[in-house]
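# Structure at a glance
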Amino acid sequence: MSLQQQLSKLKSRESGTRNTKPAHPPKKVKPSSGQVENAASGASAAQASPQPGTKRHISEVLSSSDTSLEDNLTEVESVGKSKPPPITVHRVTDFLKFSTLVTKDSPKDNPTTTKTLANSNVKVLTHSDDEYRRVIKLLQDSKYEYHHFQLKSEKPFRIVIRGLNPATPATEIKEGLEKVGHTVRSANNISFKKKDGESVKTIKLPLFFVDLEPRPNNKEVMEVRYLAYQRISVESPKPCKDVPQCKRCQLFGHTKNYCTLSPKCVKCGSSHLTAECTKAPNIEPTCANCSEAHPASWRGCHKYKEIYKSSRIQARPLQTSTSLSGTDKATASYSQVVDLQEIATDTYSQSLGKTRDSDPVLKQIFNLLSNLSKRLDQLENNGPGNALVKTNYRKFKNGG
Ligand SMILES: [Zn+2]
Ligand SMILES: [Zn+2]
Ligand SMILES: [Zn+2]
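Reading the values: the criteria
Residues numbered from 1 in each chain as written. Chains lettered and ligands numbered in written order. Predicted model: local features only at pLDDT ≥ 70, side-chain atom pairs only at ≥ 80, totals over all residues. Helix = DSSP H or I, 4+ residues; strand = E, 2+ residues; numbered from the N terminus. Buried ≥ 20, exposed ≤ 12 C-beta atoms within 10 Å, placed from the backbone. Pairing = 2+ DSSP bridges. Axes fitted to C-alpha atoms, helices over the stretch in contact; angles between N-to-C directions. Core = buried A, V, L, I, M, F, W, Y, C linked by C-beta atoms within 7 Å. Contact = placed C-beta atoms within 7 Å. pLDDT = per-residue confidence, 0-100.

Right, let's get into the environment of Pro169. As for its position among the elements, Pro169 is in the loop between β7 (157-162) and α6 (170-179). Judged by the 10 C-beta atoms lying within 10 Å of it, Pro169 is exposed. The spatial distance from the C-alpha of Pro169 to the C-alpha of Asn188 is 9.7 Å, given a sequence separation of 19 residues.

Turning our attention to the sheet that holds strand β4 (residues 113-116). Backbone hydrogen bonds are what pair the strands of a sheet, in a parallel or an antiparallel way. Taken together, the 4 strands give an open sheet; going across it, the order is β4-β5-β3-β6, and neighbouring strands pair in antiparallel fashion. A single partner strand is all that each edge strand has here, and the edge strands are β4 and β6 (145-147). Within the sheet, the average angular offset between the axes of one strand and its neighbour, ignoring direction, is 30°. Relative to strand β5 (residues 122-125), strand β3 (residues 87-90) runs antiparallel, the two sharing 3 bridges.

We now examine the nonpolar core. Core analysis: the largest hydrophobic core is formed by 20 residues, its most contacted members being Cys249, Phe252, Cys259, Tyr304 and Ile307. The residues touching Cys249, leaving out its near neighbours within four places in the chain, are Cys259, Leu261, Ser262, Pro263 and Lys264. In terms of nonpolar packing, the next biggest core, distinct from the first, is built from 14 residues, Ile159, Leu164, Val184 and Ile190 among them.

On average, the protein scores 73 in pLDDT, and the residues at 70 or more come to 58%. Segment residues 318-339: pLDDT under 50, and 46 contacts once partners within four positions in sequence are set aside and those in other chains are kept. Confidence over residues 382-400 falls short of pLDDT 50; this stretch has 60 contacts with residues more than four positions distant or in other chains.

Let us now look at the pairing of β5. Judged by which residues are buried, β5 turns out to be one-sided: Val122 and Val124 face inward and are buried, whereas Lys123 and Leu125, on the alternate face, are not. Pairing of β4 with β5 involves 4 bridges; the strand directions are antiparallel. Note that in β5 the partner of Thr113 across the bridge is Leu125. What sits between the antiparallel neighbours β4 and β5 is a turn of 5 residues, in which Asn119 has the positive phi angle 60°.

The subject of this paragraph is the pairing of strand β8 (residues 184-196). As paired strands, β8 and strand β9 (residues 199-212) are joined by 11 bridges and run antiparallel to one another. Following the sheet pairing, Ser191 is matched in β9 by Lys204. Linkage of β8 to β9, two consecutive antiparallel strands, is achieved through a turn of 2 residues, within which Gly197 is found at a positive phi near 65°.

Have a look at this one:
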């Protein structure tokens, strides 16, 4: 593919992502008619509380089902053998001690290495699943604070089943799929809340998110047409370009199931889990990321916007070199997303500049993307009318 074709493809893709830019919801969002959220049980009080800016209209969910950016992180790497994702260790004060700990017993032929990031964070890079697990265990035992990602080999195969009555018990879904050779890890119905006068009604949709254990036959499930005596269709979740946010530490680019950082409250920004918050409702919230008066989950937060913008621009130059001619899925590698936090603390132009200046083609693409980014900003400033508001059923898809 010529550069011109690549650029025009990038251009058309950029315009196609217009509707996925972050929305600017009001500070206080109450459940209202037609908003969707995940019906999965077991959500903590933090998750159950309204998440400003994380809802979207029901019609969007009915017509599409998307999955978090993190869910797709491994997609790019799915060709050939997949490398374990990096582990980012925060606040490493004694680097030499740390380095000895993680590298000492690593394989001699393909040793574990580190890369130092801003704010004394260190990224640990392993080369096999076993070594990855070994390092995680070491970090756990030594009480380091870190975030990481699910190994590709442990990642479930995620599907959307459409047309299944919400009353269908999860056990029937499991049994039905087992009969045709698939093992179900979890099955969750999707519902939304509708305001009805003073009360809020939960409306269940004929839509289920199902996670299968990873197996070589996973793709065959797409052909299943009947389940529990019902006519159904099976779809892949659509990629979501939103940036995941950790519900434990409120930082971006990872989720709480893979985080051991000190907790930060989404409401008051203090060092406790959101579920333990004692803030009175009449007291203004404080953002854990920017200290302004909004919950840390508000998509209008300038920290979120910076990271979102970086993620959109960062994803593209890499795509041109790795997968432009391949899949159309908007996917990013682990390192791209992990670097978001780095960019947030560093400056994004510095990080990008290094790549851009070393390659004239990238430089050209970078210039094009900068212009596109400006145009996106202009569109964004045209008001929230056409903005796609993300749903908090992300929390199911994020696994956390
Ligand atoms: Zn976290
Ligand atoms: Zn709090
Ligand atoms: Zn903020």
